[in-house]
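Residue-level structural notes
Next come the chains, spelled out residue by residue.
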Amino acid sequence: MTAFLVVLALVALLVIVTLIKSVRVVQQQTVGIVERFGKFKTGLQPGLNLLTPFVDKVRYTIDMREQVVAFPPQGVITEDNLMVSIDSVIYFQVNDPVRATYEISNYIQAIEQLTMTTLRNIIGGMDLEQTLTSREEINEKLRYVLDEATGKWGIRVNRVELRSIDPPPSIQDSMEKQMRADRDKRAAILTAEGMRQSAVLSAEGQKQSAILTAQGDKESRILRAQAEREARILKAQGEAQAITTVFNAIHAGKPDQGLLAYQYLQMLPSIAQGDANKLWIVPSEIGDALKGLGSAVGQVAGIPQKAEGSWEAPELANGEVAAIDAGADLTAPDAAVVEADNAVAEAIAAAQNAAVSTRSQQPPPAAGQSPISQNPIGQSPEPPVPPSPEPPLER
């Protein structure tokens, strides 16, 4: 009984092991390579698969997903004999698991070595600057070479990327200096362009300002000239009206030779006070001279011995007209004549006083010289002749 139980246990154990050996579960996107007596028999698809126990054996399990492999930095020499360190990444996918299993022993290592040799071949034909600026070109060439070489292994290379290209530290320092100099150059150019534009704008502003100033000065001068012209016209018109008014007033007042004598006596103090006259003497016969003053001066053209005729008196400020009686007796002494005589006497006295004061300030005459000196030009002063009145201006 005991032996029977042992045999039964052994049979049950054999059945369990057989079941385990004959049933195999494969994950999604995974392929199992089955060998029978060391020879490839079939590939297991994802899911539950049955095998012949103790005969079939799953040798490899191939991942059919796209894989990413990063290779360590590799030293590569460029065409200009500079060592650069390149770090690359490869994206590949197994298309044929049987060929990937039996055509190459280790396709990962094979891809790494192939990538390194291909990089050296490509980079060796470029200088450093081309290497740094031609990443897309390098990636495309490298992917083409790797895809062509790994095609017979059942592997397809999808992408190749160069993660970094590191030149030597000395070259990096030189490149940084070059970039810094280039940026400084561009900054200086931009600054110069800004200053130039600023100077151009300032010059244009000054030009516009000068033009506007000149135009304003021109208009101002024109307006000032017009104002001055109008002012002169108004002044001339005013003078013409004043002359006309004075002329009419003089003729309306009927001046005679007595008025000229009175004006002459009023000028005597001014003649005596002249700086150029060192000595001026009023004769004692001045009274007798005044009597014939009108005949001595002579009859001035346009001024009669006695004013005759009728003249319109000018209008006064208040609109009244000075009334002159044409039939009045001008020779009769009245208050105006008495006042005029008093004024003549005062003028003669002022002239005598001025002559005496001037004589006291002069040194005594030299021997043989007449005490009566003459004016600086050697002639006795002549009474001024009033200007003849001008005819009124036509308006």
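No experiment lies behind these values; they were computed from the predicted model shown.

Right, let's talk about the sheet that holds strand β3 (residues 39-44) for a bit. Each strand in a sheet pairs with another by means of backbone hydrogen bonds, the pair being arranged parallel or else antiparallel. Spatially, β3-β2-β5 is the arrangement adopted by the three strands of the open sheet, whose pairing is antiparallel. A strand with exactly one partner marks an edge of an open sheet, and here the two such strands are β3 and β5 (56-63). Ignoring strand direction, the axes of neighbouring strands in this sheet form an average angle of 30°. Bridge analysis of strand β2 (residues 30-36) against β3 gives five bridges, and the strand direction is antiparallel. Along β3, the bridge assignment pairs Glu-35 with Phe-40.

Where charged atoms from two side chains of opposite charge approach closely, those side chains can pair. Summed over the entire model, instances satisfying the criterion amount to 12 salt bridges. The salt bridge involving Glu-137 is made with Lys-141; its shortest N-O contact spans 3.2 Å. With Glu-137 and Lys-141 both in helix α5 (residues 135-150) and four residues apart, the pair spans about one turn of that helix. Under the relative-accessibility criterion, Glu-137 is labelled partly exposed at 38%. Linking Asp-182 and Arg-186 is a salt bridge whose minimum nitrogen-to-oxygen distance equals 3.7 Å. Here Asp-182 pairs with Arg-186, and both are found in helix α6 (residues 169-253), just four residues apart, close to one helical turn.

Moving on to α5. Helix length check: α5 (16 residues) gives 22 Å between terminal C-alpha atoms against 22 Å at 1.5 Å per residue, within 8%. When we look at burial in α5, the residues that qualify are Ile-138, Asn-139, Leu-142, Leu-146 and Thr-150. All buried residues of α5 fall inside an arc of 95° around its axis, so they share one side. Turned more than 90 degrees off the buried face of α5, the exposed positions are Glu-136, Tyr-144 and Glu-148. Summarising the contacts, the buried residues of α5 are in contact with β8 (83-94), α3 (107-123), α4 (128-133) and β9 (155-166).

On to the nonpolar core, then. Membership of the largest hydrophobic core comes to 34 residues, with the highest contact counts inside it found for Ile-86, Ile-90, Phe-92 and Ile-155. When residues of this core are traced back to their parent elements, those giving at least two are β2, β8, α3, α5 and β9. With near-sequence residues (within four places) excluded, Phe-92 lies in contact with Arg-65, Glu-66, Gln-67, Val-69, Tyr-107, Ile-108, Ile-111, Ile-155, Arg-156, Val-157 and Asn-158. By size, the runner-up hydrophobic cluster in this structure holds five residues, among which are Val-26, Val-34, Leu-44 and Val-58.

It is worth spelling out the packing of aromatic side chains at this point. The full count for this structure, using the stated rule, is two aromatic pairs. Their ring planes at 70° and their centres at 6.0 Å tell us that Phe-40 and Tyr-102 sit as a pair that is edge-to-face. With a gap of 62 residues between them, Phe-40 in strand β3 and Tyr-102 in helix α2 (residues 97-102) connect regions that are remote in the sequence. You can call Phe-40 partly exposed: its relative accessible area is 33%. Between Phe-92 and Tyr-107 the ring centres are 5.9 Å apart and the planes differ by 75°, which places this aromatic pair in the edge-to-face class. In this pair, Phe-92 sits in strand β8 while Tyr-107 sits in helix α3, placing the two residues 15 residues apart along the sequence.

Examined bridge by bridge, strand β6 (residues 67-70) and β8 share four bridges and lie antiparallel to one another. Residue pairing in the sheet places Val-69 in a bridge with Ile-90 of β8. Where strand β7 (residues 74-77) lies against β8, four bridges are found, and the strand directions are antiparallel. By the bridge assignment for β8, Gly-75 is matched with Ser-85. With antiparallel pairing between neighbouring strands as the criterion, β7 and β8 make up a hairpin whose turn holds five residues, including Asn-81 at a positive phi of roughly 60°. Bridge count for β8 against β9 is 10 bridges, and the pairing is antiparallel. Counterpart to Val-94 in the pairing with β9 is Ile-155.

This brings us to the packing of α3 against α5. How two helices sit against one another is set out by the angle between their axes and by the gap between those axes. Across the interface, α3 lies against α5 with an axial gap of 10 Å and an inter-helix angle of 135°. Compared by their axis directions, α3 and α5 come out oblique. In terms of crossing hand, the pair formed by α3 and α5 is right-handed. Every residue of α5 that contacts α3 at Ile-111, Leu-114, Thr-115, Thr-118, Leu-119, Ile-122 and Ile-123 is listed here: Ile-138, Lys-141, Leu-142, Val-145, Leu-146, Ala-149 and Thr-150. In terms of residue class, the contact of α3 with α5 is made up of 10 nonpolar, three polar and one charged.

What counts as what
Residues numbered from 1 in each chain as written. Predicted model: local features only at pLDDT ≥ 70, side-chain atom pairs only at ≥ 80, totals over all residues. Heavy atoms only, no water. Pairing = 2+ DSSP bridges. Helix = DSSP H or I, 4+ residues; strand = E, 2+ residues; numbered from the N terminus. Axes fitted to C-alpha atoms, helices over the stretch in contact; angles between N-to-C directions. Salt bridge = Lys/Arg side-chain N within 4 Å of Asp/Glu carboxyl O. Buried < 20%, exposed > 50% of the residue type's maximum accessible area, 1.4 Å probe, protein only. Expected span 1.5 Å × (residues − 1). Arc of directions from axis to C-beta. Contact = heavy atoms within 4.5 Å. Core = buried A, V, L, I, M, F, W, Y, C linked by side-chain atoms within 4.5 Å. Phe/Tyr/Trp six-rings, centres within 6.5 Å; stacked < 30°, edge-to-face > 60°. Parallel < 35°, antiparallel > 145°, perpendicular 65-115°, else oblique. Left-handed = near helix turned anticlockwise from the far one by under 90°. Nonpolar A, V, L, I, M, F, W, Y, C, P; charged D, E, K, R; others polar.

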